[in-house]
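Working through the structure, step by step
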Amino acid sequence: MRMQEIEIMSPAGSFDALMAAIQGGAGSVYFGAGQLNMRARSSSNFSPDDIRRITEICREHGVKSYLTLNTIIYDEELPLMREMVDLAKDSGVSAIIASDLSVLEYARSRGVEIHISTQCNITNIEAVKFYAKYADVMVLARELNIGQMESITRAIREERIAGPKGELVQIEVFVHGALCMAVSGKCYISLDNFNSSANRGACMQPCRRAYHVKDVDDQIELEIDNKYIMSPKDLMTLPILDRLLDAGVTVLKIEGRGRSAEYVKTVTRTYHEAVEAWKNRQYTLENVEKWTAEVNKVYNRGFWSGYYLGEKTGEWSERYGSQATQKKVYIGKVVNFFAKLNVAEIKIETHSLNAGDNFLVIGPTTGAYEGKADEIRVELKPVSQAVKGDHCSVAVTETLRRGDKVYLVVDAGHPLFQVQTEKL
């Protein structure tokens, strides 16, 4: 397969993350807007008014744009659903990601390309044939193993199963990110506990918490391996990515619409490098170890390869929250940028910046810029440290913008690693 036939699909929950995905080498991005998507109540979610701007940015950079309309739809929401499909068509969205038949039928009638969501739980070739009436791309259930995937892709080729465009159906799989304890994301724990439905984009994630298991009658506490018995480790397929590609998968989906810009950039870039290596026959154990170290730097709950190797039960998180090996600490913002010199002026608002420190700059147009403070100047004089209240100048290699946020990047063991920091 040629490189252009392998598409890395990255998440975008903000304009910062959208630009970061593009910088990382994504072939497409997927995003939600408004209330009819599975991250509708996430802290990271676009409004319908953002859709046109998103598609314009994607077209400018040669990246496909996919709008998620993947919740279940009730009768009273049909008019809104139709408005969103019409808006997607008018804005030039590349495709919509959907599972509800009302969306599939209406989008097909409007000539909007459709990709099948994980909520459809596709596990066999007959399901592929059915959904081929609607979709050119469909994601397989995360519970399948690689052999089952390969059987499906082979049957698509042998039986010439084509989507509406007349081309063979493409198979997509999740390759990285959070895994849910439920089959294909269908879960009612959040609805039961908090009256907030995961199937309506409003999961409160009670499964991520620690639990004790007790017999109500006899008060016998069951012995379990750890307290996080419903919170799987995150999916990470870099050690088996060559096998997924050899099995005929062509679209690699990264989970994480609620994740930060640098998470999106780091994971996208790493998987892009891995696909390039597979293409050039440089997919080696040494490279896998290097890539794994990279994705370990950003948010994760620990890693495992999911069900793709035939495992029947999950590997569970060892503790709450991220196990990333790096964190970011807010230190200030960009207040000026001198384009001719490639120098950014940064106002230090908290902590300090030392010569040699690694820093991160995030903004809606900048995306995620990673730099190193090889030299710091305050009032044009070289200094070893800029402290709270200082306006310092640092050389950079890309354009930064006023208002961009600046973070110090710290490794485990750094004094600031244990303070309240934002997730990478």
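Our subject is the structure listed above.
Below is a short write-up of the structure. (Residues numbered from 1 in each chain as written. Predicted model: local features only at pLDDT ≥ 70, side-chain atom pairs only at ≥ 80, totals over all residues. Heavy atoms only, no water.)

Side note on the overall build of the protein
- A tally of helices and strands in the protein yields 10 helices and 20 strands.
- Taken across its 424 residues, the protein has 53% of its residues classed as buried.
- Residue pairs in contact within the protein that sit at least 24 positions apart in sequence constitute 68% of those at least 6 positions apart.
- Surface accessibility of the protein: about 19,600 Å² in total, with carbon and sulfur atoms responsible for 47%. (Helix = DSSP H or I, 4+ residues; strand = E, 2+ residues; numbered from the N terminus. Buried < 20%, exposed > 50% of the residue type's maximum accessible area, 1.4 Å probe, protein only. Contact = heavy atoms within 4.5 Å. Areas by Shrake-Rupley, 256 points an atom, 1.4 Å probe, with all protein chains shown as cover.)

Quick notes on the pairing of strand β20 (residues 405-411)
- Extensive coverage of β20 is indicated by the burial of five of its seven residues.
- Sheet analysis places strand β11 (residues 326-338) next to β20, joined by seven bridges and oriented antiparallel. When the bridges of β20 are listed, Gly332 appears paired with Val406.
- Of the pairings in the sheet, the one linking strand β14 (residues 358-363) to β20 comprises four bridges and is antiparallel in character. For Phe359, the partnering residue across the bridge sits in β20 and is Leu408. (Pairing = 2+ DSSP bridges.)

Regarding the packing of aromatic side chains
- All told, the structure shown has eight aromatic pairs when counted by the stated rule.
- Considering the side-chain rings of Phe15 and Phe46, the 5.0 Å spacing of their centres and the 75° angle between planes classify their relative orientation as edge-to-face. Taken together, the residues span a long stretch of sequence, with Phe15 in helix α1 (residues 15-24) and Phe46 in the loop between β2 (28-31) and α2 (51-60) at a distance of 31 residues. Phe46 matches Phe15 in its accessibility class, with the two residues each being buried.
- Joined through ring pairs, the aromatic side chains of Phe15, Phe31 and Phe46 make up one cluster.
- The positively charged end of Arg53 is found above the aromatic ring belonging to Phe15, 3.8 Å away from the centroid.
- It is Arg259 that lies over the ring of Tyr299; its NZ or CZ is 3.8 Å from the centre. (Phe/Tyr/Trp six-rings, centres within 6.5 Å; stacked < 30°, edge-to-face > 60°. Lys NZ or Arg CZ within 6 Å of the ring centre and 35° of its normal.)

Overview of unusual backbone geometry
- If you check the backbone angles, Arg281 has positive phi at about 55° while not being a glycine.
- Considering the arrangement of structural elements, one finds Arg281 in the loop between α9 (261-279) and α10 (285-296).
- Non-glycine residue Glu379 carries a positive phi angle of around 55°.
- The residue Glu379 is located in the loop between β16 (376-378) and β17 (381-383) in this model.
- When its relative accessible area of 71% is taken as the criterion, Glu379 is described as exposed.

A closer look at the pairing of strand β1 (residues 7-11)
- For β1, the buried fraction is high: five of the five residues fall into the buried class.
- Burial of the side chains of β1 extends over both faces: Glu7, Met9 and Pro11 are buried on one face and Ile8 and Ser10 on the other.
- Pairing of β1 with strand β9 (residues 251-254) involves three bridges; the strand directions are parallel. If you follow Met9 over to β9, its bridge partner there is Lys253.

A few points about the nonpolar core
- Judged by nonpolar contacts, the single largest core of 93 residues is most densely connected at Leu67, Ile96 and Leu241.
- Here this core gets eight residues from one element, more than from any other, and that element is α9.
- Other than its neighbours up to four places away in sequence, Leu241 contacts Val175, Leu252, Tyr271, Ala274, Val275 and Tyr283.
- With 23 residues, the next largest nonpolar core counts Ala344, Ala373, Val394 and Leu408 among its residues. (Core = buried A, V, L, I, M, F, W, Y, C linked by side-chain atoms within 4.5 Å.)

What about the pattern of salt bridges?
- Applying the stated criterion to the full structure yields 15 salt bridges.
- Two residues, Glu370 and Lys265, come together in a salt bridge whose shortest N-O distance is 3.4 Å. Of this pair, Glu370 sits in strand β15 (residues 367-372) while Lys265 sits in helix α9, and the two are 105 residues apart along the sequence.
- What makes Lys265 buried here is its relative accessible area of 9%.
- Here Glu370 ties to Arg269 by a salt bridge, and the two come within 2.9 Å at their closest N and O atoms. Note that Glu370 is positioned in strand β15 and Arg269 in helix α9, a separation of 101 residues in sequence. (Salt bridge = Lys/Arg side-chain N within 4 Å of Asp/Glu carboxyl O.)

Notes on the environment of Val264
- Note that Val264 resides in helix α9.
- Since its relative accessible area comes to 1%, Val264 is described here as buried.
- Along the backbone, Val264 and Pro11 are 253 residues apart, and their C-alpha atoms lie at a distance of 6.9 Å.

Considerations on the environment of Arg259
- Checked against the element boundaries, Arg259 lands in the loop between β9 and α9.
- As for Arg259 and Gly177, which are separated by 82 residues in sequence, their C-alpha atoms are 9.7 Å apart.

Some thoughts on the sheet that holds strand β19 (residues 391-395)
- One open sheet accounts for eight strands, arranged β15-β14-β20-β11-β12-β19-β16-β17; its pairing is antiparallel. The sheet is open, and its two borders are formed by β15 and β17, each paired with just one other strand. Looking at each pair of strands side by side, their axes are set apart by 40° on average, direction ignored.
- Judged from the six bridges that link them, β11 and strand β12 (residues 343-348) form a sheet pairing that is antiparallel. If you follow Lys333 over to β12, its bridge partner there is Lys347.
- Strands β11, β14 and β15 of the sheet are contacted by α9, whose axis makes an angle of about 80° with β15. (Axes fitted to C-alpha atoms, helices over the stretch in contact; angles between N-to-C directions.)

That's the geometry; what it means functionally is another story.
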